[in-house]
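Close look at the chain arrangement
Here is how the chains run, residue by residue.
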Amino acid sequence: MKNDNKRLVTVGIFVLIGIAILVVGILTLGAQQKAFVKSISVTSVFDDVGGLQTGNNVWFSGVKIGTVKKINFYGESQVEIEMNIESSAKEYIKKNSKATISSDGLIGNKIIVIYGGSGQGPAIEDGDVLTAEMPLDTDKMMETLQVNNNNLVSITEDLKILTHKISSGEGIVGAVLTDSTLVKTFKATMQNLERTAANSNRMTADLAKFSNGLNQKGGFVDKMLNDTTLFASLKTTAAQLETTSAEASDAAQNFSSVSENLSDTDNAIGMLLNDKEFADYLKSTMSSLDTGAVRMNETLEALRYHWFFRKSFRKRDKADAASE
Amino acid sequence: MAENLKGNDKVFSRRIDNFFIGLERAFQFVKKFFIEVWIPPYEFKEVIRQCYRIGYNSLPLISLTGFIVGIVFTNQSRPSLSEFGATSWLPSLISIAVVRAMGPLVTALIAAGKVGSSIGAEIGSMKVTEQIDAMEVSATNPFKFLVVTRVLASTFMIPILVLYTDFVALMGAFLNVNVNEMVSISTFFVQVFDSISFLDISSSMIKSLVFGFTIGMVGCYKGYNSTKGTEGVGKAANSAVVMAMFLIFIEELLSLQITNFFRQI
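Okay, so let's go over this structure. Numbering of residues starts from 1 in each chain and follows the order in which that chain's sequence is written. Chain letters and ligand numbers both follow the written order, the letters beginning at A and the numbers at 1. Per-residue local features of the predicted model are confined to residues with pLDDT of at least 70, and side-chain atom pairs are confined, for both listing and counting, to 80 or more; whole-chain, interface and lining totals are unaffected and use all residues.

What follows covers the interface of chain B and chain A. The interface of chain B with chain A comprises 19 residues on the first partner and 17 residues on the second. Looking at the side of chain B that touches chain A, the elements that each hand over two or more residues are helix H2 (44-54), helix H6 (142-181), helix H7 (185-195) and helix H8 (198-224) of chain B. Secondary structure counts use DSSP, requiring at least four H or I residues in a row for a helix and at least two E residues in a row for a strand, with both numbered from the N terminus. Of the residues forming the side of chain B that touches chain A, the biggest block, 5 residues, is contributed by H2 of chain B. Side-chain classes follow a simple rule in which Ala, Val, Leu, Ile, Met, Phe, Trp, Tyr, Cys and Pro form the nonpolar group, Asp, Glu, Lys and Arg form the charged group, and the remainder, Gly included, forms the polar group. Split into classes, the residues belonging to the side of chain B that touches chain A amount to 14 nonpolar, 2 polar and 3 charged. Residues are defined as contacting one another if the C-beta atoms placed from their backbone atoms lie within 7 Å.

Our next topic: the pairing of strand E5 (residues 98-103) of chain A. Residue and element names in this part refer to chain A. DSSP calls a pair of strands paired once it identifies at least 2 bridges connecting them. Bridge analysis of E5 against strand E6 (residues 110-115) gives 6 bridges, and the strand direction is antiparallel. What sits directly across from serine 102, in E6, is isoleucine 111. Of the strand pairs in this sheet, E5 and strand E7 (residues 129-133) are connected by 3 bridges, and their pairing is parallel. Note on E7: the bridge partner recorded for lysine 98 is threonine 131.

We now examine the environment of leucine 162 of chain A. All names here are of chain A. Here leucine 162 shows up in helix H2 (residues 138-167). Partly exposed residues are those whose C-beta has more than 12 but fewer than 20 other C-beta atoms within 10 Å; with 20 or more the residue is buried, with 12 or fewer it is exposed, and the C-beta atoms are placed from the backbone. Judged by C-beta crowding, with 14 C-beta atoms within 10 Å, leucine 162 ranks as partly exposed. For the pair formed by leucine 162 and glycine 174, sequence separation is 12 residues and the distance between their alpha carbons is 9.5 Å.

Glancing now at the environment of glutamine 78 of chain A. All names here are of chain A. Along the chain, glutamine 78 turns up in strand E4 (residues 78-86). For glutamine 78, a count of 14 C-beta atoms within 10 Å corresponds to the partly exposed category. Between the C-alpha atom of glutamine 78 and that of aspartate 47, which follows or precedes it by 31 residues, the distance is 4.6 Å. Apart from residues no more than four positions distant in its own chain, glutamine 78 is found in contact with Val45, Phe46 and Asp47.

In structure tokens form, the structure reads like this:
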């Protein structure tokens, strides 16, 4: 009898623990899959659900807020997804939110992602329909990738031709890589550049020195910048220079009118400079005067030997000789 | 089964006829169980005793097996998943494998070996030593006392053992995952319960009930119909194990189809 009771208790404990495992498992599963949580139902219509299944998760801002309840065909070829969303999450999901189909990993399960929705909009309610945003289609991505692949092929072909030309010394780059003379020239250029850089350095140092000198207290530039008396004097000089330049301008204008007059023939100097007839006349006059002067010299020489003037000339000659 | 047919009254051939006769006997045996199970007196104490033998006494063996299965399955799955850099999926993979298939299947196979053979041998030896006939003479219903109690005990104990196996196998898997991937127990069990559903648990439990019923029923049937003395006892024990295991695999296949049907609804 005692043995029977012991056996009874043992079996009771054994069964109880087994049932406890089952109950804990069911409760944990229910809590995790929100099976016992109050929820609302919303729908969304997609063109293609990409293998979404009943029971797949619904995410909002990366948090699981529900599951896919039903998948029904809708219209001609669309699919209506009915989702159960926790009531506690509904206040954060606005009526203008969108639903799209994504995946919870690179090769993970399909999920519905709810996103967007403005802050001021009203929250979703039971029976609402969310706008569906079609996800990126893998086939379309592959098509784009194929175009990229083709481009890559042509680029690599071009590159192949280019490198072949370069290796055979064609073109500037090929010449640079293969021509030894060019290398020498390049080296020389670099050396020149190095020297130039050294000179530039020196020049910069000199400039620095010079600018330091300019910055020295009491220097010309310092005075220019800081001495108000000098500035006033310079201002006066500048004003005077301005007056002088105005006067010079007047003078230049006068010179201009004088030169204009000089080019005319209605005045004495203008006629002298520009009138050919007058010049010829003057020339002949000068020639006559020259002839007259020669004859005058001859006449005066003759007068020297005239009895009337002979005596006075002799006296002058003697006086000259005495003074020497 | 050759003695089933007497004279020249065969329908097809001796072997084919014997097969159908065996089938009909099995059907009658099962039918008798479903009739007897509702009729008092209920052998409650014997049921508890059988529960103790089938359930509690099998627990150490089942637990050890489940623990080893958890560790080995995790270790063997890791290389395949690590090729994709997806070792973080190990808890999900293990939970699905253990809860849906391996837990019930391993438990049922171990129980078929341990419990099925013991029931077959026990009832078989009672049969050949004419103890069953003696019970009938002493106004005790041997079918009710021997068969109904054992079948009930195995039917209800196997699901309990499956729950233990699932738990122990998951703990073994957690130990392995924790050592290799440094996954905490909370993360592990969150991933485990994230991957399974109520359908998985319910199908696993219903399947376990069927497995338990099969083990008990096959063991009892083979033992109850054993002949040829001690040789027949060994044969009954052996064929009880073989037949139970074979039927368990068939039932596993059928349950998979039925579960998939419900999964798609």
